[in-house]
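Coordinates in review
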Amino acid sequence: MLPEGLAGALLPWYEKNARDLPWRRDVTPYRVWVSEIMLQQTRIEAARGYFERFMAAFPDVRSLAEADIEAVLKLWEGLGYYSRARNLHKAARIIAAEHGGELPASYAALRALPGIGDYTAGAVASIAFDLPEPAVDGNVLRICARLSRCGDSIGDEGVKRTFREELRAQYPPARRGDFTSALMELGETVCVPGTPDCPACPLGGLCLANQAGDPASYPVMPAKKPRRVQPKTVLLLVRDGRTALRKRPDRGLLAGLWEFPNLDAILPPEAAVETAAAWGCEPLGVEPCGEAVHIFSHIEWHMTGYLIPCGAEPALFTWADADARRETYAVPAAFRAYKTFLERSDL
């Protein structure tokens, strides 16, 4: 059970300690929404520049709704979890068509939009519309688990639901958005994973784990499933300053993004050349271009790459020069090592 009086203790602390973040300036429902989507699975410092560039390109719902999805994905390039960008675009079109271009001021209506779950709906409803709707993410779950000294796993849906309802009952009659933001701020700067900074915490006197002297024991985390390892061979097929790209399927991992041709196995150089020949590229040689590992939430790609100069450009691929790769085609960070290799090789 959460202690009473959280808002009274937390809001004065937030007034003095809130960080100056771009989405906290000129607060609008649209800006709150975009920032919350970006901050899912992304550190604040990494999201700052992306948010400002995104706002410059798409300053409101209608400009995002009217944009080409390729332009949206290109701006998202390197931020990861690209389904977030696709859902932003889909939701913007729905908002433009069904809500007059303005985000709906209702938790249920927000929750019904693509890419908006319980947390994001709560964040937008409270921060943008001052509604008493909690935004319960990992940071807030950690705070709640320590405050109540909860020994149950925070991965349990019942635990999440209980904390959400208990927090809802504590929302003040005003400054509800600040209460949500203050909880987020506390979890990101003071009540951090591992060893929290309890002496600096405005809720220290209310926190059962702090009083018991064991805050680092909370929260109890759900057991992690081991990631599957996927071997890959990445082929950098180049001809006259252009490199072969292909588009990934519209569903699944990195859906609809551009990639260097690759195979789900580690090939020796001779087999890589044979594959390029079978694709009609007329390979002229082969050069190893390094190994790389990219870790997703559920899978690891262990990659080996080859640079293969080609005598032909089969229509099986899109052939893009360096400028087009930088400005037009969204190639995800999973292939960063090979993008860097091409840049360093001036290809």
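Everything here concerns the structure above.
Please read all numbers here as calculations on a predicted model, not as lab measurements.

**A word on the packing of aromatic side chains**
Considering all chains together, one arrives at 11 aromatic pairs under this definition. With a centroid separation of 6.1 Å and an interplanar angle of 65°, the aromatic rings of Tyr 30 and Trp 33 are classed as edge-to-face. One end of the pair is Tyr 30 and the other is Trp 33, both in helix H2 (residues 29–39) and three residues apart, which spans about a single turn. We classify Trp 33 as buried; its relative accessible area is 0%. Between the aromatic rings of Phe 54 and Trp 76, the centroid separation amounts to 6.0 Å while the plane-to-plane angle is 85°, which identifies the pairing as edge-to-face. Remark: Trp 76 occurs in helix H5 (residues 69–76) and Phe 54 occurs in helix H3 (residues 44–57); sequence separation between them is 22 residues. When sorted by exposure, Phe 54 lands in the same class as Trp 76, which is buried.

**Considering the pattern of salt bridges**
What the rule picks out here adds up to 25 salt bridges. Notably, a salt bridge pairs Arg 48 with Glu 45, separated by 3.1 Å at the nearest N-O pair. Of the two residues, Arg 48 and Glu 45 both sit in helix H3, three residues apart, roughly one turn of that helix. A relative accessible area of 24% means that Arg 48 is categorised as partly exposed. A salt bridge links Arg 239 to Asp 240, with the nearest nitrogen and oxygen atoms 3.8 Å apart. Assessed through its relative accessible area of 27%, Arg 239 is described here as partly exposed. A network of salt bridges, in which partner residues are shared, links Arg 19, Arg 24, Glu 185 and Glu 188.

**With respect to the side chain of Thr 233**
With respect to the element layout, Thr 233 can be found in strand E1 (residues 228–239). Thr 233 sits in the buried class, given a relative accessible area of 0%. Only 2.5 Å separates the side chain of Thr 233 from the backbone oxygen of Ala 265, close enough to count as a polar contact. A distance of 2.8 Å separates a polar atom in the side chain of Thr 233 from the backbone nitrogen of Leu 267. With sequence-adjacent residues up to four places away left out, Thr 233 is seen in contact with Pro 261, Asn 262, Leu 263, Ala 265, Ile 266, Leu 267, Thr 304 and Tyr 306.

**Side note on the packing of helix H9 (residues 138–148) against helix H11 (residues 176–189)**
Two elements in contact, H9 and H11, have axes whose closest approach is 8 Å; the angle formed by their N-to-C orientations is 85°. Viewed along their axes, H9 and H11 adopt a mutual orientation that is roughly perpendicular. Together, Asn 139, Val 140, Arg 142 and Ile 143 of H9 and Leu 183, Leu 186, Gly 187 and Glu 188 of H11 make up the contact between the two elements. Considered class by class, the residues forming the contact of H9 with H11 number four nonpolar, two polar and two charged.

**Looking at H5**
All of the buried residues along H5 are Glu 70, Val 72, Leu 73, Lys 74 and Trp 76. N-cap assignment for H5: the residue whose side-chain oxygen lies 2.8 Å from the backbone N of Glu 70 is Asp 68. Backbone geometry just after H5 places Gly 78 at a positive phi near 95°.

**Details of the environment of Thr 195**
Tracing the backbone shows Thr 195 in the loop between H11 and helix H12 (208–212). On the basis of relative accessible area, Thr 195 is assigned to the exposed category, the value being 66%. Residues Thr 195 and Trp 13, 182 residues apart in the sequence, show an inter-C-alpha distance of 20 Å.

**Here's the deal with the state of the cysteines**
As used here, a disulfide is simply a covalent bond connecting the sulfur atoms of two cysteines. Per the counting criterion, the structure on display carries zero disulfides. Counting only cysteine sulfurs, Cys 198 is the nearest neighbor of Cys 207, a cysteine outside any disulfide, at a range of 6.2 Å. Counting only cysteine sulfurs, Cys 281 is the nearest neighbor of Cys 310, a cysteine outside any disulfide, at a range of 4.5 Å. With relative accessibility at 5%, the residue Cys 310 sits in the buried group.

**Points about the side chain of Asn 262**
Relative to the elements of secondary structure, Asn 262 occurs in strand E4 (residues 262–263). Classification of Asn 262 by relative accessible area gives buried; the value is 7%. Reaching out from Asn 262, the side chain makes a polar contact with the side chain of Lys 232 at a distance of 2.9 Å. For Asn 262, the side chain forms a polar contact with the main-chain oxygen of Phe 260, separated by 2.8 Å. Those residues within four positions of Asn 262 in sequence are excluded, and the remaining contacts are Lys 232, Thr 233, Val 234, Arg 246 and Phe 335.

Criteria and thresholds
- Residues numbered from 1 in each chain as written.
- Predicted model: local features only at pLDDT ≥ 70, side-chain atom pairs only at ≥ 80, totals over all residues.
- Heavy atoms only, no water.
- Phe/Tyr/Trp six-rings, centres within 6.5 Å; stacked < 30°, edge-to-face > 60°.
- Helix = DSSP H or I, 4+ residues; strand = E, 2+ residues; numbered from the N terminus.
- Buried < 20%, exposed > 50% of the residue type's maximum accessible area, 1.4 Å probe, protein only.
- Salt bridge = Lys/Arg side-chain N within 4 Å of Asp/Glu carboxyl O.
- Polar contact = N/O pair within 3.5 Å; in protein donor to acceptor, adjacent residues only side chain to side chain.
- Contact = heavy atoms within 4.5 Å.
- Axes fitted to C-alpha atoms, helices over the stretch in contact; angles between N-to-C directions.
- Parallel < 35°, antiparallel > 145°, perpendicular 65-115°, else oblique.
- Nonpolar A, V, L, I, M, F, W, Y, C, P; charged D, E, K, R; others polar.
- Disulfide = S-S within 2.5 Å.

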